[in-house]
Amino acid sequence: MSTTDKPLRRQLGAPRRVRSLAMAAGAATLALGLAACSGGPASTNAVGGGKGGKTIEATLAFTLSSGFDPANASSAVATAVNQHTFEGLVDLDPITREPYLALAKADPVASADGLTYTVSLRDGAKFSDGTPVTGDDVAWSFSRVLKPADPAAPPLMQGFIPFIDSVTAKDATTAEFKLKYPFALFAERIAVIKIVPKAKTADAAASKAFDTAPIGSGPFKMDSASKESGIKLSKNPNYNGSRGATVDAMTWNTTTEASARVSDLQGGRVQTIESVPYLNVDSIKEKYTVDVKQAFNQVFLMFNTAAAPFNDKRVRQALHYAIDKDAVIKTALNGYGSPATSYLDEGNKDYQKAATVYDYNPDKAKALLQEAGVTNLTLQLDTTDSSVVKDVAPLVIEQWKKIGVNASLNTVPSAAIYGDVVPKDTFRVLMATGDPSVFGVDTDLLMRWFYSGETWPGKRYRWNEADRKAMVGLLDKAAQTTDEAARKTLWKQALDMAAEEAPLYPILHTKVVTAYDPAKLTGFSGAATTGLYFLGASRSG
């Protein structure tokens, strides 16, 4: 972290003027990212050939499973594309996680009471179709998330900006934000909303078309995308920001098969791959550069808390206590992970150990099941087809047998899990991965992803209304305080509640392993999130 960035991460008192984001932009050389959760079918054909020049070829660890509208996109591949093709007013560097000016011309300026912010646009900013980015586009991009046409189906990003009351265009190049209460993390939080052209998203029909053919102001534009042939992007000739593309094009292959990714790299068909199989790290690093980063990315258990016996938290707790996490990490991850001692990973700047830690304790697990009156528990464990989950799930099932719980395994792609399996009344227990840290790493944002709004607590794990209100109440109270110590105390209460209730809770946090060929790719680094980031990267061979 540079010294100029430090005050930005600590804007806890709603200052009248945010410290210079422009300095942070100059200090960072890489950008943009990946995803909260995803998965998909096996693989796409490798393309390109790794022969050098003006094109970067890469292989991602997931396949395309959603559209690209940034108001809703959270799948790995879609979010990766969006982070290269869209901009926020402020964006976060994918390596340092520090905010820098993107579409904003200068730092957001706050009123004396911290309830109004004014943001000016970068001179000459245009979308990839050549049309100018305007104050109306900014106001619209936020308004369509804050007040969607269908209030019953709020966009995923809505839960990250509850502090914003309204956004209006003061003129063609200026937007004004009205807040419900002072929010100390305003500058970095507005990065979650990417600016889209109002003309292309003004109604339901236009938005539907935009979801498959996105247009943004970022350094790249998407040329094609499919599950079969992967992603093709090219340089946006209209981009005039500080992080311009240094190659003419990129081709991303996509596969959930670990062996296919390794083959793509070792065969010279690509210059980099994400999610290096843990068992292959030692052999790969003999020839390639391997980046290992501790991540928030978690393998979690999620329960249908409206269905017996999982409506009893003692049953949920029992299944966590029954897991020997150290053994799972050693066997399935070859040591590249850490047991969850909190919802946050221990590398997070705001980490606090939870009051409830699920150390391996099969006797306690049996006692909790007995207290809950549960015997001979049989369940279906649904899982996504993430390579990590596929390695972890069988080990967990074997450990559950030791406390008298029998589980069958049902593994399907993420799109099917969240589109078909979880919504059904028959759903009971899910194991999957999740990583909202691509959107930010502060506690408020990370907790709101899984514990507020309708998508996760309402529709997926069906948490009761009282617990949902209690959790959001803690987060809202913390967000409104300007005292750092008080905020951290409230966050601790929220972290403790998540651990104690465990409607969705991590088993472990993984380490992210990325590999690349230093002879063919320069200016590149792996990140502590899923995905690959290419601004500042170029071909060298």
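Everything here concerns the structure above.
Definitions and cut-offs
Residues numbered from 1 in each chain as written. Predicted model: local features only at pLDDT ≥ 70, side-chain atom pairs only at ≥ 80, totals over all residues. Heavy atoms only, no water. Buried < 20%, exposed > 50% of the residue type's maximum accessible area, 1.4 Å probe, protein only. Helix = DSSP H or I, 4+ residues; strand = E, 2+ residues; numbered from the N terminus. Pairing = 2+ DSSP bridges. Contact = heavy atoms within 4.5 Å. Axes fitted to C-alpha atoms, helices over the stretch in contact; angles between N-to-C directions. Left-handed = near helix turned anticlockwise from the far one by under 90°. Nonpolar A, V, L, I, M, F, W, Y, C, P; charged D, E, K, R; others polar. Polar contact = N/O pair within 3.5 Å; in protein donor to acceptor, adjacent residues only side chain to side chain. Salt bridge = Lys/Arg side-chain N within 4 Å of Asp/Glu carboxyl O.

Asker: Help me out: how do you make sense of the pairing of strand β10 (residues 249-254) in this one?
Answerer: When you tally the buried positions in β10, you get six out of six residues, the bulk of the element. Sheet analysis places strand β1 (residues 55-60) next to β10, joined by six bridges and oriented parallel. What sits directly across from Thr 55, in β10, is Ala 249. Relative to β10, strand β9 (residues 230-235) runs antiparallel, the two being bridged by four bridges. Residue pairing for β10: Ser 234 is matched across the bridge by Ala 249.

Asker: Help me understand unusual backbone geometry, please; the structure alone is not making it clear to me.
Answerer: Glycine aside, residues mostly have negative phi angles, and peptide bonds mostly take the trans form. With an omega dihedral of 0°, the bond running from Ala 308 to Pro 309 counts as a cis peptide bond. Summarising the element assignment, Pro 309 is placed in the loop between β12 (289-303) and α10 (313-321). Non-glycine residue Arg 462 carries a positive phi angle of around 55°. Along the chain, the position of Arg 462 falls in the loop between α16 (455-460) and α17 (465-480). We classify Arg 462 as buried; its relative accessible area is 17%. Positive phi, normally seen in glycine, also occurs at Ala 502, with a value near 50°. Inspection of the secondary structure puts Ala 502 in the loop between α18 (484-501) and β17 (504-516). Overall, the relative accessible area of 0% leaves Ala 502 in the buried class.

Asker: Would you mind showing me how to read the pairing of strand β7 (residues 174-179) here?
Answerer: Taking burial as the measure, the six residues of β7 include five buried ones, the bulk of the element. In the sheet, strand β5 (residues 116-120) pairs with β7 via five bridges, with the strands oriented antiparallel. Among the inter-strand pairings, Thr 116 is bridged to a residue of β7, identified as Lys 178. As paired elements, strand β6 (residues 164-171) and β7 share six bridges and run antiparallel to each other. In the strand pairing of β7, Asp 171 is matched with Thr 174. Here β6 hands over to β7 after two residues, the two strands then running antiparallel side by side.

Asker: What's the story with the sheet that holds β7 in this structure? I'm lost.
Answerer: The strands making up a sheet associate through hydrogen bonds between their backbones, and the pairing can be parallel or antiparallel. Taking strand neighbours across the sheet as the criterion, the four strands line up as β4-β5-β7-β6 in an open arrangement whose pairing is antiparallel. At either end of the open sheet lies a strand with only one pairing partner, and these are β4 (109-110) and β6. Sheet contacts for helix α4 (residues 135-146): β6 and β7; angle to β6, the most-contacted strand, approximately 165°.

Asker: It is not clear to me how the packing of helix α11 (residues 325-332) against helix α13 (residues 387-401) should be interpreted in this structure. Could you clarify?
Answerer: For any two helices packed against each other, the geometry is given by the interaxial angle and the distance between the axes. At a closest axis distance of 10 Å, the pairing of α11 and α13 adopts a crossing angle of 145°. As for how α11 packs across α13, the hand of that crossing is right-handed. Contacts from Ala 327, Val 328, Thr 331 and Ala 332 of α11 reach α13 at Asp 391, Val 392, Leu 395 and Gln 399. When its residues are assigned to classes, the contact of α11 with α13 shows five nonpolar, two polar and one charged.

Asker: What's the story with the environment of Ser 525 in this structure? I'm lost.
Answerer: Within the secondary structure layout, Ser 525 lies in the loop between β18 (521-522) and β19 (538-539). By relative accessible area, Ser 525 is classed as buried at 18%. Spatially, the C-alpha atom of Ser 525 lies 7.2 Å from that of Asp 291, the residues being 234 residues apart in sequence. Looking at Ser 525, its side chain comes within polar contact range of the side chain of Asp 291, at 3.3 Å.

Asker: Help me out: how do you make sense of the pattern of salt bridges in this one?
Answerer: Two side chains bearing opposite charge may form a pair once their charged atoms approach each other closely. According to the stated counting rule, one finds 25 salt bridges in the structure shown. Residues Lys 105 and Asp 123 are paired through a salt bridge, measuring 3.3 Å at the closest nitrogen-oxygen approach. In this pair, Lys 105 sits in the loop between β3 (99-101) and β4 while Asp 123 sits in the loop between β5 and α4, placing the two residues 18 residues apart along the sequence. Note that Asp 496 and Lys 492 form a salt bridge whose closest N and O atoms lie 2.8 Å from each other.

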